[in-house]
Amino acid sequence: MKIGILALQGAFLEHEKMLETLNTNFFEIRNKTDAEKDFDGLILPGGESTVQRKLLFDLNIFSVLKEKIDKNIPVLATCAGLILLSQKISNDSNITFGTLPIEVKRNAYGRQPGSFHFEGNVKNIGNFPMEFIRAPIIQSVFDKTEVLSETKGIISGVKYKNQLGFTFHPELTDNNSIHKYFLSLV
């Protein structure tokens, strides 16, 4: 099993550390050649979604990854990665992959001072420490998207087919349960 991690910007190193705790092979996707490699799962990390989106197109990576996602490669998307997957963004017209049937709102909790920690339940996992940093919120889900977690009454985690999306950063905790769950889909 080999996991590709989008490594253009954001918290990709933290995802790598999580996969190391699970003895899983991974590599960084930094250009089109990397994206064209064979791999079994994809991680879209947190960071700045507008920067990641721009680089996906500037480096000609977008169409290669879009094709893999359309062919149902398992994806774990956190924070900015979730925004990249979303079909609708209420406060931004720039849709990227558009494969996850949800509507999100970028930076919904405000700037950096609005960041917070929350202990919540994630379906199929149990209690999980959630780190929210300039996080989006999931305003609504469509199609057959399953809600996996809520935080203070707001959807914070979803699953659609082989796509997992979270508004928080599981890679910034010491708990590798979400990554383990993702690997079970691979």
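Analysis parameters
Think of each chain on its own: its residues are numbered from 1, step by step along the sequence as written. Given that this is a predicted model, residues contribute local features only at a pLDDT of at least 70 and side-chain atom pairs are listed and counted only at 80 or more, while totals for whole chains, interfaces and linings are drawn from all residues. Note that the side-chain values use all heavy atoms of the structure and ignore hydrogens as well as water. Each helix corresponds to a stretch of at least 4 residues labelled H or I by DSSP, and each strand to a stretch of at least 2 residues labelled E; elements are numbered beginning at the N terminus. Taken over C-alpha atoms, the radius of gyration is set against a globule rule of 2.2 Å times the number of residues to the power 0.38. Computed with the Shrake-Rupley method and a 1.4 Å probe, the accessible areas treat only the protein chains shown as cover for residues. Residues counted as positive are Lys and Arg, residues counted as negative are Asp and Glu, and His and the chain ends are not counted. Throughout, a charge is located at the NZ atom of Lys, the CZ atom of Arg, the CG atom of Asp or the CD atom of Glu. Burial status follows relative accessibility: with a 1.4 Å probe on protein chains alone, a residue under 20% of its type maximum counts as buried, one over 50% as exposed, and anything between as partly exposed. Note on contacts: a residue pair is in contact if any heavy atoms of the two residues lie within 4.5 Å. The definition of a nonpolar core used throughout is a set of buried Ala, Val, Leu, Ile, Met, Phe, Trp, Tyr and Cys residues joined through side-chain atoms within 4.5 Å. Paired strands, as defined in this entry, are two strands with at least two bridges between them according to DSSP. Pairing of aromatic side chains requires ring centres within 6.5 Å, counting the rings of Phe and Tyr and the six-membered ring of Trp. Pairs whose planes differ by under 30 degrees are stacked, by over 60 edge-to-face, and all others tilted. Using only the protein atoms, space was sampled on a 1 Å grid; points where a 1.4 Å probe fits but cannot get out form cavities, open sets with protein on both sides within 12 Å along at least five of seven lines form pockets, and lining residues are those with an atom within 4 Å of a point. Grid points are joined across faces, edges and corners, and a volume is the space filled by probe spheres set on the points. The residue classification treats Ala, Val, Leu, Ile, Met, Phe, Trp, Tyr, Cys and Pro as nonpolar and Asp, Glu, Lys and Arg as charged. All others, Gly included, are polar.

Draft legend 1. Focus on the overall build of the protein chain. The helix and strand inventory of the protein chain stands at six helices and twelve strands. For 186 residues, the compact-globule formula gives about 16 Å, and the C-alpha radius of gyration of the protein chain, at 15 Å, lands near that figure. Structurally, the protein chain occupies a C-alpha span of about 40 × 40 × 35 Å along its principal axes. As displayed, the protein chain has an accessible area near 8100 Å², and 45% of this comes from carbon and sulfur atoms. Here the protein chain carries 21 positive and 21 negative side-chain charges, and the mean point of each set is 4 Å from the other.

Draft legend 2. Structural view of the environment of Asn72. Along the chain, the position of Asn72 falls in the loop between α4 (62-70) and β4 (75-78). Exposure remark for Asn72: the relative accessible area of 38% places this residue in the partly exposed category. As for Asn72 and Leu172, which are separated by 100 residues in sequence, their C-alpha atoms are 26 Å apart. Aside from chain neighbours lying at most four places away, what touches Asn72 is Lys161 and Asn162.

Draft legend 3. Seen up close, the nonpolar core. Counting 30 residues, the largest nonpolar core has Ile29, Leu56, Leu65 and Phe97 as its most contacted members. Not counting residues up to four positions away in its chain, the partners in contact with Ile29 are Gly4, Ile5, Leu6, Ala7, Leu8, Asp34, Ala35, Phe39, Leu42, Ile61 and Leu65. Ranked by size, the runner-up nonpolar core spans 23 residues in total, among them Leu19, Phe132, Leu164 and Phe168.

Draft legend 4. Representation of the pairing of strand β3 (residues 41-44) in the model. Burial of the side chains of β3 extends over both faces: Gly41 and Ile43 are buried on one face and Leu42 and Leu44 on the other. Note: strand β1 (residues 2-6) against β3, three bridges, orientation parallel. Note on β3: the bridge partner recorded for Gly4 is Leu42. Direction of pairing for β3 relative to β4: parallel, over a ladder of three bridges.

Draft legend 5. Just the packing of aromatic side chains, in detail. On inspection of all chains with the given rule, the structure shows six aromatic pairs. Taking the centre distance of 5.4 Å and the plane angle of 70° together, the rings of Phe27 and Phe39 count as edge-to-face. Of this pair, Phe27 sits in strand β2 (residues 25-29) while Phe39 sits in the loop between α2 (32-36) and β3; the two residues are twelve residues apart in sequence, bridging distant segments of the chain. The residues Phe27 and Phe39 share a single accessibility class, namely buried. Ring centres 5.2 Å apart and planes at 55° place the aromatic pair Phe166 and Phe168 in the tilted group. Phe168 shares its class with Phe166; the two are buried.

Draft legend 6. A look at the pairing of strand β10 (residues 146-151). Note that β10 and strand β11 (residues 154-160) share five bridges and pair antiparallel. Counted as the bridge partner of Thr151 is Ile154 from β11.

Draft legend 7. Region of the structure containing the layout of surface pockets. Considering only enclosed or pocket space, the largest pocket measures out at about 180 Å³ in volume. For the lining of the largest pocket, a count of residues per class yields eight nonpolar, six polar and three charged.

Draft legend 8. Just the environment of Lys37, in detail. Assignment of secondary structure puts Lys37 in the loop between α2 and β3. A sequence separation of 31 residues divides Lys37 from Leu6, and the C-alpha atoms of the two residues are 13 Å apart. The residues contacting Lys37, other than those within four sequence positions of it, are Phe27 and Lys68.

Draft legend 9. Expanded view of unusual backbone geometry. Of note in the backbone geometry, Asn124 takes a positive phi value of approximately 75° without being a glycine. Tracing the chain through its elements places Asn124 in the loop between β7 (116-122) and β8 (126-132). What makes Asn124 exposed here is its relative accessible area of 55%. At Arg134, a residue that is not glycine, the phi angle is positive and equals roughly 45°. Along the chain, Arg134 falls in the loop between β8 and β9 (137-141).

Purely geometric stuff here, so don't read any function into it on its own.
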